[in-house]
Amino acid sequence: MTIRIGNAPCSWGVEFAGDPRNPAWRTVLKENAEAGYTGIELGPVGFMPEDPAELGEALAEHDLELIGGVVFRPFHDPAAWDDVLDGSVRTCKALAAHGAQHLVLIDSISPRRAPTAGRADAAEQMDAAEWAAYRDRIAQIAKMGAEEYGLTVGIHAHAAGFMDFEPELERLLNEVSDDILKICFDTGHHSYAGFDPVAFMKRHIDRISYMHFKDIDPVVKADVIAKSTGFYEACGQGIFCNLGQGDVDFPSVRQVLLDAGFEGWCTVEQDCDPTLDVRPMDDAVANRKYLESIGF
């Protein structure tokens, strides 16, 4: 088994490229390398330079490989298609320029779904026509990424979007060909949604192309679900704790990957609130040490 461990700018609180609270992109690269990671995600397109020469030089300076990038846009909103397409094309171009492999598609948070994050039984569902159009938008971007840019495209379930719970994720996988769409599996979001990450991995390991490692504090999870707390407020309350301190069984995650002969990247994504008095570097180091302690 050859698994490489990376990290992502969201672990430094970077969710949106234009957020004035973001740390400098060079700081993220430097601290990521110093914490012991050999790869980094792009973060939201526009956070890191889109000039390949500038970013390439900085990656080389820290001996880092660009792993992939996330399109976190409102696939659920047909009126936002231009925004989705812009983010997708720019991300594809950036990844291709640096030889990165993984394009990750995430339906961003919807006001219609935000109050029911983690509560599948209460969440609003799309009707048949809305679902079909939504699925087709995801498939169009997946096809572009796979066929025009040669990327491995993975769908990523995310709390408070319309691709959140296990049944809708499996429905999408059944309706879109695995030739163009794989799974970027996030352990923490699957737990947040109320499902068993290890059981899902065992059923779908052949389609999982990329892993996001995230852990969930079960006490915070229970509280934010009971109170219908918003996603970013939950981040501020520490729902995504350090790896090994929450309810995700990472030794079993490792065993599923080992049994399947999984090869490739697993990326730590510990979404945090940049306004809090936290030191992302400390968490990055602690997470790397934990993964080493269980054999990664």
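The preceding data block contains the structure.
Our subject in this report is the structure included herewith. Remember, it's a predicted structure, so these values are computed and weren't measured experimentally.

What counts, and at which threshold
Residues numbered from 1 in each chain as written. Predicted model: local features only at pLDDT ≥ 70, side-chain atom pairs only at ≥ 80, totals over all residues. Heavy atoms only, no water. Helix = DSSP H or I, 4+ residues; strand = E, 2+ residues; numbered from the N terminus. Rg over C-alpha atoms; globule rule 2.2 N^0.38 Å. Buried < 20%, exposed > 50% of the residue type's maximum accessible area, 1.4 Å probe, protein only. Contact = heavy atoms within 4.5 Å. Areas by Shrake-Rupley, 256 points an atom, 1.4 Å probe, with all protein chains shown as cover. Lys, Arg positive; Asp, Glu negative; His and termini not counted. Charge placed at Lys NZ, Arg CZ, Asp CG, Glu CD. Phe/Tyr/Trp six-rings, centres within 6.5 Å; stacked < 30°, edge-to-face > 60°. Lys NZ or Arg CZ within 6 Å of the ring centre and 35° of its normal. Salt bridge = Lys/Arg side-chain N within 4 Å of Asp/Glu carboxyl O. Polar contact = N/O pair within 3.5 Å; in protein donor to acceptor, adjacent residues only side chain to side chain. Core = buried A, V, L, I, M, F, W, Y, C linked by side-chain atoms within 4.5 Å. Axes fitted to C-alpha atoms, helices over the stretch in contact; angles between N-to-C directions. Parallel < 35°, antiparallel > 145°, perpendicular 65-115°, else oblique. Left-handed = near helix turned anticlockwise from the far one by under 90°. Nonpolar A, V, L, I, M, F, W, Y, C, P; charged D, E, K, R; others polar. Pairing = 2+ DSSP bridges. Patch = residues over 30% accessible without salt bridge, like charges linked within 9 Å, V, L, I, M, F, W, Y side chains within 5 Å. Expected span 1.5 Å × (residues − 1).

So, the overall build of the protein
- When helices and strands are counted, the protein shows 11 helices and nine strands.
- Against the 2.2 N^0.38 benchmark of 19 Å for 296 residues, the protein shows a C-alpha radius of gyration of 18 Å, consistent with a compact globule.
- Projected onto its principal axes, the C-alpha coordinates of the protein cover approximately 50 × 45 × 40 Å.
- Residue burial in the protein is summarised as follows: out of 296 residues, 57% are buried.
- When contacts within the protein are restricted to residue pairs at least 6 apart in sequence, those whose partners lie at least 24 apart make up 82%.
- For the protein, the exposed area adds up to about 11,800 Å²; of that, 48% sits on carbon and sulfur atoms.
- Positive and negative charge centroids in the protein, built from 25 and 49 side chains respectively, lie 1 Å apart.

Quick word on the packing of aromatic side chains
- Scanning all chains against the criterion turns up 11 aromatic pairs.
- The rings of Phe16, Phe72, Tyr192, Phe231, Tyr232 and Phe240 are connected pair by pair, giving a single aromatic cluster.
- One Lys or Arg, lysine 214, reaches over the ring of phenylalanine 240 and ends 5.3 Å from the middle of that ring.

A short note on the pattern of salt bridges
- Considering all chains together, one arrives at 21 salt bridges under this definition.
- The partner of arginine 112 in a salt bridge is glutamate 124, and the shortest N-O contact between them spans 2.7 Å. Of the two residues, arginine 112 sits in the loop between β5 (102-107) and α4 (128-149) while glutamate 124 sits in the loop between β5 and α4, which places them 12 residues apart along the sequence.
- For glutamate 170, the salt bridge is made with arginine 203, and the minimal N-O distance between the two is 3.0 Å.

Some remarks on the side chain of glutamate 168
- Take glutamate 168: it is sitting in helix α5 (residues 166-175).
- Within the local environment of glutamate 168, its side chain forms a polar contact with the backbone nitrogen of aspartate 164, the two atoms lying 2.9 Å apart.
- Apart from the residues within four sequence positions on either side, glutamate 168 is in contact with Arg113, Gln125, Trp131, Phe162 and Met163.

Overview of the nonpolar core
- Leu105, Met211, Phe213 and Leu257 are the most contacted members of the largest nonpolar core, which totals 72 residues.
- Examining the composition of this core, we find that seven residues originate from one element, α4, more than from any other.
- By size, the runner-up hydrophobic cluster in this structure holds 13 residues, among which are Ala159, Phe231, Ile239 and Phe240.

Some remarks on the packing of helix α1 (residues 25-34) against helix α2 (residues 52-61)
- Relative orientation of the contacting elements α1 and α2 amounts to 25°, with a least axis distance of 10 Å. As judged from the angle between their axes, α1 and α2 are roughly parallel. Crossing of α1 against α2: the hand is right-handed. Between α1 and α2, the contacting residues are Trp25, Arg26 and Leu29 on the first element and Glu54, Leu55, Ala58, Leu59 and Glu61 on the second.
- A class-by-class count of the residues in the contact of α1 with α2 yields five nonpolar, no polar and three charged.

Quick look at the sheet that holds β5
- If you walk across this open sheet you meet the nine strands as β3-β2-β1-β9-β8-β7-β6-β5-β4, and the pairing is parallel. Strands with a single pairing partner mark the edges of an open sheet, and in this sheet they are β3 (65-66) and β4 (68-73).
- Bridge count between β4 and β5: six bridges; the pairing is parallel. Note that in β5 the partner of arginine 73 across the bridge is aspartate 107.
- Here helix α11 (residues 280-293) sits on the sheet in contact with β1 (3-7), β8 (208-213) and β9 (264-268), set at roughly 165° to β1.

Some thoughts on a negative patch on the surface
- A grouping of Asp51, Glu54, Glu57 and Glu61 is seen on the molecular surface, where their side chains present a negatively charged patch.
- As for its placement among the helices and strands, aspartate 51 is situated in the loop between β2 (39-40) and α2.

Some remarks on the environment of histidine 156
- By the secondary structure assignment, histidine 156 is in the loop between β6 (152-155) and α5.
- In this structure histidine 156 comes out as buried when scored by relative accessible area, which is 1%.
- Not counting chain neighbours up to four residues away, the residues in contact with histidine 156 comprise Val104, Leu105, Ile106, Met163, Cys184, Asp186, His189, His212 and Glu269.
- Reaching out from histidine 156, the side chain makes a polar contact with the side chain of aspartate 186 at a distance of 3.1 Å.

Re helix α3 (residues 81-97)
- Here α3 spans 24 Å end to end across 17 residues, near enough to the 24 Å set by a 1.5 Å rise per residue.
- Within α3, burial applies to Trp81, Val84, Gly87, Ser88, Thr91, Cys92, Ala94 and Leu95.
- Considering only its buried residues, α3 is in contact with β3, β4, β5 and α4.
- Just beyond α3, the residue with positive phi is glycine 99, at close to 70°.

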